[in-house]
Structure formats: C-alpha cells, structure tokens
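Residue-level structural notes
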Amino acid sequence: MNILRVRDYASVSEKAKNIVLDRISDFSDTTIALPTGNTPDMMYSLLVKEYQSGKVDFSDVVIFNLDEYVGMDPENPYSYNYYIHNRFLKHVKTERSYVPNGLAEDLDRECEAYEDKIKEEGNLDLALLGIGRNGHIGFNEPGTSFDSLTHVTDLSEDTMEANARFFPRDLDFPEKAITMGLKTIMGAREIILLASGNEKANAIREMILGEVTENLPASILQTHKNCNVIIDGDAASLLGNST
Ligand code: PGA
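Residues numbered from 1 in each chain as written. Predicted model: local features only at pLDDT ≥ 70, side-chain atom pairs only at ≥ 80, totals over all residues. Heavy atoms only, no water.

Regarding helix H7 (residues 201-209)
Inclusion rule: Partly exposed describes any residue whose relative accessible area lies between the buried limit of under 20% and the exposed limit of over 50%, with all areas from a 1.4 Å probe on protein chains only and scaled to the type maximum. Strands are runs of DSSP state E lasting at least two residues, helices are runs of H or I lasting at least four, and both sets are numbered from the N terminus onward. Directions pointing from the helix axis toward each C-beta atom define the arc.
Among the residues of H7, those classed as buried are Ala-201, Ala-203, Ile-204, Met-207 and Ile-208. The buried residues of H7 occupy one face: seen down the axis, they fall within an arc of 160°.

As for the packing of aromatic side chains
Put simply, the rule is: Note on aromatic contacts: the rings of Phe and Tyr and the six-membered ring of Trp form a pair at centre separations within 6.5 Å, being stacked when their planes are under 30 degrees apart, edge-to-face when over 60 apart, and tilted otherwise.
A complete count under the given rule lists 13 aromatic pairs for this structure. On the basis of an interplanar angle of 40° and a centroid distance of 5.0 Å, the ring pair of Tyr-78 and Phe-167 is categorised as tilted. Of the two residues, Tyr-78 sits in the loop between strand S4 (67-69) and helix H3 (80-87) while Phe-167 sits in the loop between helix H5 (157-164) and strand S8 (176-179), which places them 89 residues apart along the sequence.

Remarks on the sheet that holds S8
The test is simple: Between any two strands, pairing holds if DSSP finds at least two bridges. Interaxial angles span 0 to 180 degrees and are taken between N-to-C directions of axes, which are lines fitted to C-alpha atoms, for helices over the stretch in contact.
Taking strand neighbours across the sheet as the criterion, the three strands line up as S4-S8-S7 in an open arrangement whose pairing is antiparallel. At either end of the open sheet lies a strand with only one pairing partner, and these are S4 and strand S7 (151-154). Strand-to-strand twist of the sheet, defined as the mean angle between neighbouring strand axes without regard to direction, takes the value 25°. Two strands pair when backbone bridges link them, and S4 and S8 are joined in this way by three bridges, in the antiparallel orientation. Note on S8: the bridge partner recorded for Glu-68 is Ile-178.

Some remarks on the site of the ligand
Rule in force here: We call a residue near a molecule or strand as soon as one heavy atom of that residue lies within 4 Å of the molecule or strand. Polar contacts, as used here, are pairs of N or O atoms within 3.5 Å; protein pairs need one atom able to donate a hydrogen and one able to accept it. Residues neighboring in sequence count only if both atoms are side-chain atoms. To be clear on the numbers: accessible area is Shrake-Rupley with a 1.4 Å probe, and residue cover counts the displayed protein chains and nothing else. Residue type decides the class: Asp, Glu, Lys and Arg count as charged, Ala, Val, Leu, Ile, Met, Phe, Trp, Tyr, Cys and Pro as nonpolar, and the leftover types, Gly among them, as polar.
Within the structure, the ligand sits among Gly-37, Asn-38, Thr-39, Gly-130, Ile-131, Gly-132, His-136 and Lys-200. Interatomic distance of 2.9 Å between a backbone N/O atom of Asn-38 and an oxygen atom of the ligand. Between Thr-39 and the ligand, the recorded distance is 2.5 Å, taken from a side-chain N or O atom to an oxygen atom. Its free accessible area being 280 Å², the ligand has 82% of it covered by the protein chains. Residues that form the shell around the ligand fall into these classes: one nonpolar, six polar and one charged.

As for the side chain of Ser-196
Quick note on the threshold: Contacts are assigned to residue pairs with any non-hydrogen atoms lying within 4.5 Å of each other.
Following the sequence through the fold, Ser-196 ends up in the loop between strand S9 (190-195) and H7. A distance of 2.7 Å separates the side chain of Ser-196 from the side chain of Asp-232, its partner in a polar contact. The contacts of Ser-196, once residues within four sequence positions are left out, are Tyr-9, Thr-39, Asp-232 and Ala-235.

Re helix H4 (residues 107-120)
Counting along an α-helix, one turn takes 3.6 residues, and residues three or four places apart therefore face a common direction. In plain terms, the rule: To estimate the expected span of a helix, count its residues, drop one, and scale the result by 1.5 Å.
With 14 residues, H4 should reach 20 Å at 1.5 Å per residue; the first-to-last C-alpha distance of 20 Å fits that figure. All of the buried residues in H4 are Leu-107, Glu-110, Cys-111, Tyr-114, Glu-115 and Ile-118. Around the axis of H4, the buried residues are gathered within 135° of arc, so they sit on the same side. Exposed side chains of H4 directed beyond 90 degrees from the buried face belong to Asp-108, Arg-109, Glu-112 and Glu-120. Against the buried residues of H4 lie strand S3 (62-65), strand S5 (96-98), S7, S8 and helix H6 (182-186). Two residues or fewer past H4, Gly-122 is found with a positive phi of approximately 90°.

Focus: the environment of Leu-126
Mapping Leu-126 onto the fold places it in strand S6 (residues 126-129). Put simply, Leu-126 and Tyr-98 are 28 residues apart on the chain and 15 Å apart in space, counted from C-alpha to C-alpha. Excluding residues that lie within four positions of it along the chain, Leu-126 makes contacts with Arg-23, Thr-31, Ile-32, Ala-33, Ala-188, Glu-190 and Ile-192.

Some words on the pattern of salt bridges
To keep it simple, the criterion reads: Take a side-chain nitrogen of Lys or Arg and a carboxyl oxygen of Asp or Glu: if they are within 4 Å of each other, that pair is a salt bridge.
Applying the stated criterion across every chain yields a total of 15 salt bridges. Note that Glu-121 and Arg-96 form a salt bridge whose closest N and O atoms lie 2.6 Å from each other. With Glu-121 in the loop between H4 and S6 and Arg-96 in strand S5, this pair connects stretches of sequence that are 25 residues apart. With relative accessibility at 18%, the residue Glu-121 sits in the buried group. A salt bridge links Asp-154 to Lys-176, with the shortest nitrogen-to-oxygen separation between them at 2.6 Å. With Asp-154 in strand S7 and Lys-176 in strand S8, this residue pair connects regions lying 22 residues apart in the sequence. Overall, Lys-176 belongs to the partly exposed group, its relative accessible area being 37%.

If you want it as structure tokens, here you go:
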C-alpha cells in the first residue's frame with residue numbers, strides 16, 4: 001500500500017483527480033470502477049471542470065459503478081445511479097457506463113451479468129474507492145468473504161445509520177444493496193482509496209496497520225500490488241508516524 005497523506009479534503013480530491021487524469025492519458029480504453037458517497041463528490045466536480053475546459057477526454061473510458069441499493073428506482077435522487085449520472089456521467093462523454101440494476105427481478109442473475117460484463121470489458125484497470133466507518137469498501141460489509149464476486153448484501157446497522165442521515169424521512173432506507181465483491185475489486189490492476197475526516201480515522205488505522213481480516217474488509221487492500229491510499233490529516237490522525 002502506498003499511503004499519500006495530504007492536508008485536507010480539497011487536497012484529497014485534487015490528488016485523486018490528477019491520478020485519474022494521468023491514468024486516462026497513459027492508456028486508451030481504460031475501464032474504471034467508480035464510487036458514490038460524500039468523499040468523491042469534489043473529485044467529480046474537478047474532473048468535470050477539466051473536461052469542460054477541454055483538458056481531458058473520457059470518450060475511451062468504460063465506467064462501472066461499484067454498487068446500488070436494491071429496490072431503488074434509478075430515477076430516484078437517492079439512488080446511486082442518479083448520483084453518478086448527476087455528478088459525473090451526464091457532464092462527460094464516456095464509451096460505456098454501467099450501474100447495477102437494483103430493480104432487477106432476478107437479483108442474483110443481475111449480479112452474475114454485472115460480473116460477466118466487467119470481464120467482457122477486459123477487467124478493471126482502476127478501482128476508485130471510499131471507505132465506510134466500519135471498513136467496508138463498496139458495500140462489502142464486515143464478514144464478507146474475500147472471495148466474493150458481485151452479490152446482493154444486507155447493509156449493516158452502521159452503514160444504514162451513516163447513510164440514512166442524507167435520506168428524507170418519508171423514504172424508507174434500503175436494507176440491501178448490490179455490490180461488486182472483494183474479489184472483483186481486488187481484480188483491478190490499480191486501486192485508489194480516498195478518505196477524509198475524523199470519522200474515518202479508525203477504519204483507516206485498521207485497514208493499514210491491523211491484521212488482514214474479513215471483519216475489516218478494506219484490510220484486504222494490504223495484499224494488493226498497486227494500491228494508493230489518499231488521506232487527509234484527520235483521516236490519518238490515528239496512524240502516528242508509522243507510515
Ligand atoms: P462516504 O461513504 O464517502 O459518504 O463517507 C464512503 C463509503 O461508505 O464507502
């Protein structure tokens with residue numbers, strides 16, 4: 001793991017944006033997994049700005065969203081489909097983009113088809129990730145097998161509490177999601193994980209310094225050959241000088 005400590009959230013976003021731009025210019029036909037959530041928000045704005053000023057071309061880039069809530073209409077502003085379109089995809093021209101369909105009648109089939117699609121596209125070149133307070137990546141909650149492929153998962157209490165903060169009261173918070181599995185994510189040639197803020201500090205410490213365990217899904221990243229972790233001072237606050 002390569003740990004890049006930067007000052008604050010804006011610097012995390014800037015650094016992540018620059019790495020994405022580098023990879024896109026280094027390779028044609030890049031296939032990228034993208035996260036949703038608060039953390040990547042500013043990175044998407046910066047990427048869109050670069051696009052609008054003509055500095056980057058995403059037309060060869062294939063996008064796979066990491067996850068989606070089960071039972072959520074893609075048009076629902078709280079769905080991850082809506083998020084990624086609204087923040088990024090509707091502003092840029094990409095080759096192809098995919099988001100798991102949380103409304104699929106046969107969810108297991110949807111997961112298999114998603115996994116197949118990633119293979120068909122030549123597997124992931126780059127996976128961008130956030131991290132949950134409980135150490136989840138995508139929606140791979142504590143206890144998820146390191147061998148997992150794209151699957152339906154029950155959301156943990158902690159995740160529901162963290163994410164329900166942003167939901168209106170009259171919308172029931174989903175209890176399940178489709179997520180790329182840990183094996184799917186680990187199959188990426190390069191991984192970049194972003195974290196900002198004190199509430200991630202414990203998960204970051206465990207991910208970097210703790211044992212590799214399914215109880216802290218992100219700890220699997222210690223075994224990836226090409227993983228960059230971009231964190232601000234608050235997220236790094238429990239690391240001491242060890243990294
Ligand atoms: P956040 O979510 O960026 O909204 O903190 C990250 C995650 O839960 O993976």
